[in-house]
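Spelled out, the chains give:
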Amino acid sequence: QVQLVESGGGLVQAGGSLRLSCTASGRSPRSYCLGWFLQAPGREREFVAAIDWSGGSTNYADSVKGRFTISRDNAKNTVYLQMSSLKPEDTAVYYCAAGTYSGSLAVGYPYWGQGTQVTVSS
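Everything in this summary refers to the structure shown in the same document. Remember, predicted model here, so these are calculated numbers, not experimental data.

Quick notes on the packing of aromatic side chains
- Within this structure, the stated rule accounts for six aromatic pairs.
- Ring centres 5.7 Å apart and planes at 75 degrees place the aromatic pair F37 and F47 in the edge-to-face group. Linking F37 in strand β4 (residues 33-39) with F47 in strand β5 (residues 46-52), this pair joins segments that are 10 residues apart in sequence.
- Ring centres 5.1 Å apart and planes at 75 degrees place the aromatic pair F37 and Y109 in the edge-to-face group. Here F37 is found in strand β4, whereas its partner Y109 is found in the loop between β9 (92-99) and β10 (111-112), with 72 residues between them in sequence.

Okay, structure coming up:
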């Protein structure tokens with residue numbers, strides 16, 4: 001089992017930046033890929049970005065390419081999502097997830113954090 005705890009959400013103005021953190025514990029996070037997903041009210045959870053823990057390979061949704069960057073710090077067992085040029089449509093609860101590879105399907109990630117709210121004002 002892997003425990004995931006997100007932090008860093010908050011309220012920002014459009015065009016601003018925010019960095020989310022996800023710290024893993026329990027079973028070695030290096031056995032998994034880590035992904036970020038978002039869920040807005042009335043919508044299904046959708047893929048944002050993912051990273052292979054050990055190799056560092058990344059994958060992004062088209063909507064965030066060039067604006068968001070996923071990275072990891074092995075010493076801290078932490079994965080980050082650096083969000084820049086934020087738009088009101090980025091407003092959602094952001095979840096950290098762990099799975100066996102850096103795919104884009106939520107069902108492929110069996111372990112999830114509690115989520116952190118990101119609100120982008122106009």
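Side note on the side chain of E6
- Along the chain, E6 turns up in strand β1 (residues 2-7).
- Of the buried charged residues, E6 lacks a salt bridge, with R45 as the closest side chain of opposite charge at 7.6 Å.
- One polar contact links the side chain of E6 to the main-chain amide nitrogen of C96, over a distance of 2.6 Å.
- In this structure the side chain of E6 is engaged in a polar contact, spanning 3.0 Å, whose partner is the backbone nitrogen of G115.

Describing the sheet that holds strand β8 (residues 78-83)
- The antiparallel open sheet is built from four strands, whose spatial order is β1-β3-β8-β7. Each edge of the open sheet carries a strand with a single partner, namely β1 and β7 (68-73). Neighbouring strand axes in the sheet, compared pairwise and without regard to direction, differ in orientation by 20 degrees on average.
- Pairing analysis gives six bridges linking strand β3 (residues 18-26) to β8, with the strands arranged antiparallel. Bridged to L20 within β8 is L81.

Observations concerning the pairing of β8
- The buried fraction of β8 amounts to five of the six residues, a majority that puts the element mostly inside the structure.
- Note: β7 against β8, six bridges, orientation antiparallel. For R72, the partnering residue across the bridge sits in β8 and is V79.

Basis of the calculations
Residues numbered from 1 in each chain as written. Predicted model: local features only at pLDDT ≥ 70, side-chain atom pairs only at ≥ 80, totals over all residues. Heavy atoms only, no water. Phe/Tyr/Trp six-rings, centres within 6.5 Å; stacked < 30°, edge-to-face > 60°. Helix = DSSP H or I, 4+ residues; strand = E, 2+ residues; numbered from the N terminus. Buried < 20%, exposed > 50% of the residue type's maximum accessible area, 1.4 Å probe, protein only. Lys, Arg positive; Asp, Glu negative; His and termini not counted. Salt bridge = Lys/Arg side-chain N within 4 Å of Asp/Glu carboxyl O. Polar contact = N/O pair within 3.5 Å; in protein donor to acceptor, adjacent residues only side chain to side chain. Pairing = 2+ DSSP bridges. Axes fitted to C-alpha atoms, helices over the stretch in contact; angles between N-to-C directions.

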